[in-house]
Every structure is written in structure tokens, then in C-alpha cells.
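These are the residues of each chain, in order.
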Amino acid sequence: MVDMKVHVLSTGVMETDLTWLLLQGGHTIRDRHHKNEPVVWRDCPTHAVLIEHPDGNILWDTGVPRDWEERWAPTGFHDFFPVREPVDGPGYLDTSLAQLEMTSDDVDILLLSHLHFDHAANAKMFTNPKTRILAQADEIEGANAITGYSSGAHIVSDYDGLDLEAVHGDSEIVPGVSVIHTPGHTWGTMSLQLDLENDGTKIFTSDAVYLQESWGPPAVGAAIVWDNVRWLESVEKLRGIADRTGAEVIFGHDAEQRKSLRLAPDGYYS
Ligand SMILES: [Zn+2]
């Protein structure tokens, strides 16, 4: 077992209509028995994961940007997913890294679960000679085919011009740190598997699974999905790995689950 220290970083909390994340009859999309009930708005937190590993520092995802309101305005997402943190306050990637006495220059490998506006938005903080930036090959291919400002939740300026290194499918990045190809949410969404000495296996799903309710069982699909069949297949792939390894599964945007996590800077996993 590799000795590593894993920090879960706060990288901005959005709010949103739950319907974006959970197509559950009567609960979000209304059936006739619930048609007069108000829509459900809920916190939609984002996180990043900083892994201090003998082979270097690895960062998983980057959260939302401080200039979210301007950057998202051309897409309309600034009204559907407003960020509740003050833009000049703490709670974003840069301040969360600073709490660990780190900057973007200390990151050897940045892993992007996918290139959506709430995961890859701060990738350009890492355009230093040191940081390798990795994403799935099919995610890079799909994102690079977008013309104009954005398509869906991909905003081209978040990642254009970056030297993205392609990962092909399931892959061990360094010992104990693996990515799992879990397409469906986007062309090449991936999840993160960490095999830890003291705390066992952790799987960070990103948007392959948004919430505990998405996981089920049974899995519950969502509105922001590129391919629903592949999305469901990916959830079951993760469930198989979790069953086999006894992993704790940490969902992409679950406000309830977040309360139970050991968050940086005080808490960590090892
Ligand atoms: Zn996404």
C-alpha cells in the first residue's frame, strides 16, 4: 500500500433546481399528484481532491471559477446554477489550496473528470511548465469539436489552448491512484479510485453519479446527460467496483453527504 494523504477541498457551492440532477417522478419532475408543489432548489456543492503522493501532488478537478457570473452569462447557467460564495471570499480552489500552503505550481498532475464549467473552470491556473493535465481521450475529442462560446455545459474558453494529455479508458495514474472510464454524463467522464492504507478504497464519481439518490439502487437518471444508457452502465460499473473493494463512494454534488466528509484543511484521508 502506498502512503498518501488525501485532502477534499471546497471549490464553490452552487444552488440549483434539483430537476437538473434527478429525474424522479413526483419528486422533481411533477406528476399530477404533485403539480402544485414548488420546485425543489438545493445546494449543489463542488469539490476537488488533492493527493499528496510519493510520486507527486495530484489534483482531481478544479471546481467553479470566481468570475462565474460573467463567464457563465452567455450560457444562461449563471441563473440556473448561481454560486453562493462571495466572489472575493474563501471557498474557491485557490483559497482551498492556500489553506494547505499550496499553489497551482505545486501540482504535478491535474486530472479533469470531464470538461464541464463546474469541474474544469480553473484548469488554466495550471499552465505552468510542471503540471501535466489529463482527461479522457473521448472527452478531449468531443470538447475540441465544439465551435462558438459553448455547447451544453462545456465552455470552450475553460480549456481551449491547454496541452491536454489523453487517458484511454481505465488507467492507473500512479500506484494507488486510478481513473475509471465512466462515460454517459459526457463523452468521456471519468471517476477516481484511491486505494488508501488506513481508510480503504474511496471512489470519487464526479458527475458519473451526482447524488446518493442518483446512485440508488436503482440508479436514477438526470437531465444533464449526454447518453442515458451509457450513464446507467457507468453507474453499474462503479457499483461493481464498490461491491468488490468495499469502497466508500463519494458523489459529485451531494450536499447531505458532504456533511459526513473529512474536509480540508482540518480533515484528511490516508
Ligand atoms: Zn458535468
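Residues numbered from 1 in each chain as written. Predicted model: local features only at pLDDT ≥ 70, side-chain atom pairs only at ≥ 80, totals over all residues. Heavy atoms only, no water.

(A) Looking closely at the coordination of the zinc ion. Note on the zinc ion: its protein donors are His114 (NE2), His116 (ND1), His185 (NE2) and Asp207 (OD). The metal-donor distances range over 2.1 to 2.2 Å. Classification of the site at the zinc ion rests on its 4 donor atoms, whose angles at the metal span 89 to 169 degrees, yielding the label irregular. For the zinc ion, all donor residues lie on one chain, and their spacing in sequence is H-x1-H-x68-H-x21-D. One end of the pair, His114, is in the loop between β4 (109-111) and β5 (132-136); the other, Asp207, is in the loop between β12 (200-204) and α5 (212-215), and 93 residues separate them in sequence. What makes Asp207 buried here is its relative accessible area of 3%. (Donors = N, O, S within 2.8 Å, 3.2 Å for Na, K, Ca; no water. Tetrahedral: all angles 85-135°; square planar, octahedral: opposite > 155°, others 65-115°. Helix = DSSP H or I, 4+ residues; strand = E, 2+ residues; numbered from the N terminus. Buried < 20%, exposed > 50% of the residue type's maximum accessible area, 1.4 Å probe, protein only.)

(B) Region of interest: the sheet that holds strand β13 (residues 248-250). Spatially, 5 strands are ordered β9-β10-β11-β12-β13 in an open sheet, and the strand pairing comes out mixed. Strand pairing shows two members of the sheet lacking a second neighbour, β9 (171-174) and β13, which therefore form its edges. Mean inter-strand twist for the sheet, computed between neighbouring axes without regard to direction, equals 25 degrees. Examined bridge by bridge, strand β10 (residues 177-181) and strand β11 (residues 190-196) share 5 bridges and lie antiparallel to one another. Bridge pairing links Val177 to Leu194 in β11. (Pairing = 2+ DSSP bridges. Axes fitted to C-alpha atoms, helices over the stretch in contact; angles between N-to-C directions.)

(C) Spotlight on the sheet that holds strand β8 (residues 164-167). Read from one edge to the other, the open sheet built from 6 strands follows the order β1-β2-β3-β4-β5-β8, with strand pairing classed as mixed. Only two strands of the sheet have a single neighbouring strand rather than two, namely β1 (5-17) and β8. Across this sheet, the average inter-strand angle for adjacent strands is 25 degrees, counted without regard to direction. Pairing analysis gives 5 bridges linking strand β2 (residues 41-53) to strand β3 (residues 56-60), with the strands arranged antiparallel. Paired with Leu50 across the bridge in β3 is Leu59. Against the sheet, helix α4 (residues 137-144) contacts β5 and β8, and its axis sits at roughly 90 degrees relative to β5. (Contact = heavy atoms within 4.5 Å.)

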